[in-house]
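Descriptive structure summary
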Amino acid sequence: MKKTKIVSALFALVFCGAALNAETAEEVMKKSTGLLVPDYSTGVLIMDMIDKNGTVTEHRVINQNGNEKNDLRQTVFDFRSPASVKDTRLLQAEKLGREDDKWIYLPSLKTTRRIASAERSKSFVGSEFTYNDMTIRKFEDDAFEMLDENVTMNVGGKSENMWKIKATPVAKKNVEYAYLIKYIDKVSYLPLVEEYYDKTGKMIKLRTITKHEEVTGETGKKYWLRRENVMENKITGRVTRVSVDKMTFDKPISDRYFTQNWLNTGK
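What this report covers is the structure whose coordinates are included nearby.

What counts and what doesn't
Residues numbered from 1 in each chain as written. Predicted model: local features only at pLDDT ≥ 70, side-chain atom pairs only at ≥ 80, totals over all residues. Heavy atoms only, no water. Helix = DSSP H or I, 4+ residues; strand = E, 2+ residues; numbered from the N terminus. Areas by Shrake-Rupley, 256 points an atom, 1.4 Å probe, with all protein chains shown as cover. Lys, Arg positive; Asp, Glu negative; His and termini not counted. Charge placed at Lys NZ, Arg CZ, Asp CG, Glu CD. Pairing = 2+ DSSP bridges. Buried < 20%, exposed > 50% of the residue type's maximum accessible area, 1.4 Å probe, protein only. Arc of directions from axis to C-beta. Contact = heavy atoms within 4.5 Å. Salt bridge = Lys/Arg side-chain N within 4 Å of Asp/Glu carboxyl O. Polar contact = N/O pair within 3.5 Å; in protein donor to acceptor, adjacent residues only side chain to side chain. Core = buried A, V, L, I, M, F, W, Y, C linked by side-chain atoms within 4.5 Å. Phe/Tyr/Trp six-rings, centres within 6.5 Å; stacked < 30°, edge-to-face > 60°. Lys NZ or Arg CZ within 6 Å of the ring centre and 35° of its normal.

It is worth spelling out the overall build of the chain at this point. The helix and strand tally for the chain stands at three helices and 13 strands. Considered along the principal axes of its C-alpha atoms, the chain spans approximately 85 × 45 × 35 Å. For the chain, the accessible surface area stands at approximately 14,500 Å², while carbon and sulfur atoms represent 53% of it. Within the chain, the 38 negative side-chain charges are centred at a point lying 2 Å from the centre of the 45 positive side-chain charges.

The structure is reproduced here in structure tokens:
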């Protein structure tokens, strides 16, 4: 009897210790949204547009440049092919205490215009991603609820151990979904799977980081690279896949890329 009580006490201690060490939804998401970002990034992205039958209908090549100064991130996308989107350029810039700026250059109109808040839930250059999807939401943008502390799922052919967390936008205006279910990897803290739901509880989109890896930048710092992102539209069956062809971190690049003049000229 005494031995049984001792064993039970040991189990209780182990369980309580695990509970005390468990991370809350807020702690997990604080780390996920605060992952280390390089001072500079430059690379080439491949965007494949895929129909509901699994056929690639368009293969796009995009140059991407980014920088971070004073904890504010700027990113520019330059579409190089095919001809239907060539020379389309998009600049997005984080702003302190207010909504990010987004500007797009449309070669057919030979003009640069600001993307209004009401437009950001719309398709990003005809893809299944929206303009909102192209930026990482800030921690304070959502309220979080832990749904499951230990989920094992096959992602990109690999078994991953993850937290399952519900993220509900604090301000629902100009957001195309009611809430997300996020599966956060326990090693990288990347949101490997994100399920988008409407207000009726119906899943409308599914985003998966099918390939990710830790890479080393030019200065020796390590970063988690989203090697391949897939967005599936659950309503239409269409899919957009964005993969990284080349990417360099922390090699300085000119500030000129992050100006409206560069958007207009590409120079």
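Before going further, it helps to examine the environment of Gly 237. Here Gly 237 lies in the loop between β12 (222-233) and β13 (239-249). Here the alpha-carbon distance between Gly 237 and Lys 110, two residues 127 residues apart in the chain, equals 33 Å.

Of the strand pairs in this sheet, strand β1 (residues 40-50) and β13 are connected by 10 bridges, and their pairing is antiparallel. Note that in β13 the partner of Met 47 across the bridge is Val 242. Bridging between β12 and β13 involves five bridges; their strand directions are antiparallel. Counterpart to Met 231 in the pairing with β13 is Thr 240. The hairpin turn running from β12 into β13, its antiparallel successor, is five residues long, and Gly 237 in that turn takes a positive phi close to 85°.

As a further point, take helix α2 (residues 25-33). When α2 is considered as a whole, its buried residues turn out to be Ala 25, Val 28, Met 29 and Ser 32. Each buried residue of α2 sits inside an arc of 90° when the element is viewed along its axis, so together they form one side. Packing partners of the buried residues in α2 comprise β7 (142-155), β8 (158-169), β9 (179-185) and β10 (191-197).

With respect to the secondary-structure elements, Glu 195 resides in strand β10. Here Glu 195 is buried and forms no salt bridge, its nearest opposite-charge partner Lys 164 lying at an N-O distance of 5.9 Å. Of note is the side chain of Glu 195, whose polar atom sits 2.8 Å from the side chain of Tyr 197. Setting aside residues up to four positions removed in sequence, Glu 195 forms contacts with Tyr 179, Leu 180, Ile 181, Tyr 183, Met 203, Lys 205 and Leu 206.

Counting residues in each nonpolar core, the largest one holds 35 residues, and the members touching the most others are Phe 77, Phe 79, Leu 90, Phe 124, Ile 165 and Ile 184. Going through the elements one at a time, α2, β1, β3 (72-81), β8, β9, β11 (203-216), β12 and β13 are the ones with two or more residues in this core. If we skip the residues at most four places from it in the chain, Leu 90 touches Thr 75, Val 76, Phe 77, Trp 103, Ile 104, Ile 115, Phe 124, Tyr 131 and Leu 263. Residues Ala 178, Tyr 183, Leu 192 and Leu 206 belong to the second largest nonpolar core, which totals 13 residues.

With that settled, the discussion passes to the packing of aromatic side chains. Each aromatic ring pair is described using two quantities: the centre-to-centre distance and the angle formed by the ring planes. A full pass over the atoms with the stated rule returns nine aromatic pairs. Seen in terms of ring centroids, Tyr 177 and Tyr 196 are 5.3 Å apart; in terms of plane orientation they differ by 85°. Their pairing is edge-to-face. One end of the pair, Tyr 177, is in the loop between β8 and β9; the other, Tyr 196, is in strand β10, and 19 residues separate them in sequence. The exposure classification of Tyr 177 matches that of Tyr 196, with both residues buried. Consider the rings of Tyr 179 and Tyr 197, whose centres lie 5.0 Å apart with planes at 10°: the pair is stacked. Of the two residues, Tyr 179 is situated in strand β9 and Tyr 197 in strand β10; the sequence distance between them amounts to 18 residues. The class for Tyr 197 is buried, based on a relative accessible area of 13%. Through pairs of rings, three or more aromatic residues link up here, namely Phe 77, Phe 79, Phe 124 and Tyr 131. In this structure, Lys 166 packs its charged tip against the face of Tyr 179, placed 4.4 Å from the ring centre. Taking the ring centre of Tyr 196 as reference, the NZ or CZ of Lys 205 above it sits at 4.9 Å.

Function-wise, these values are silent; they only describe arrangement.
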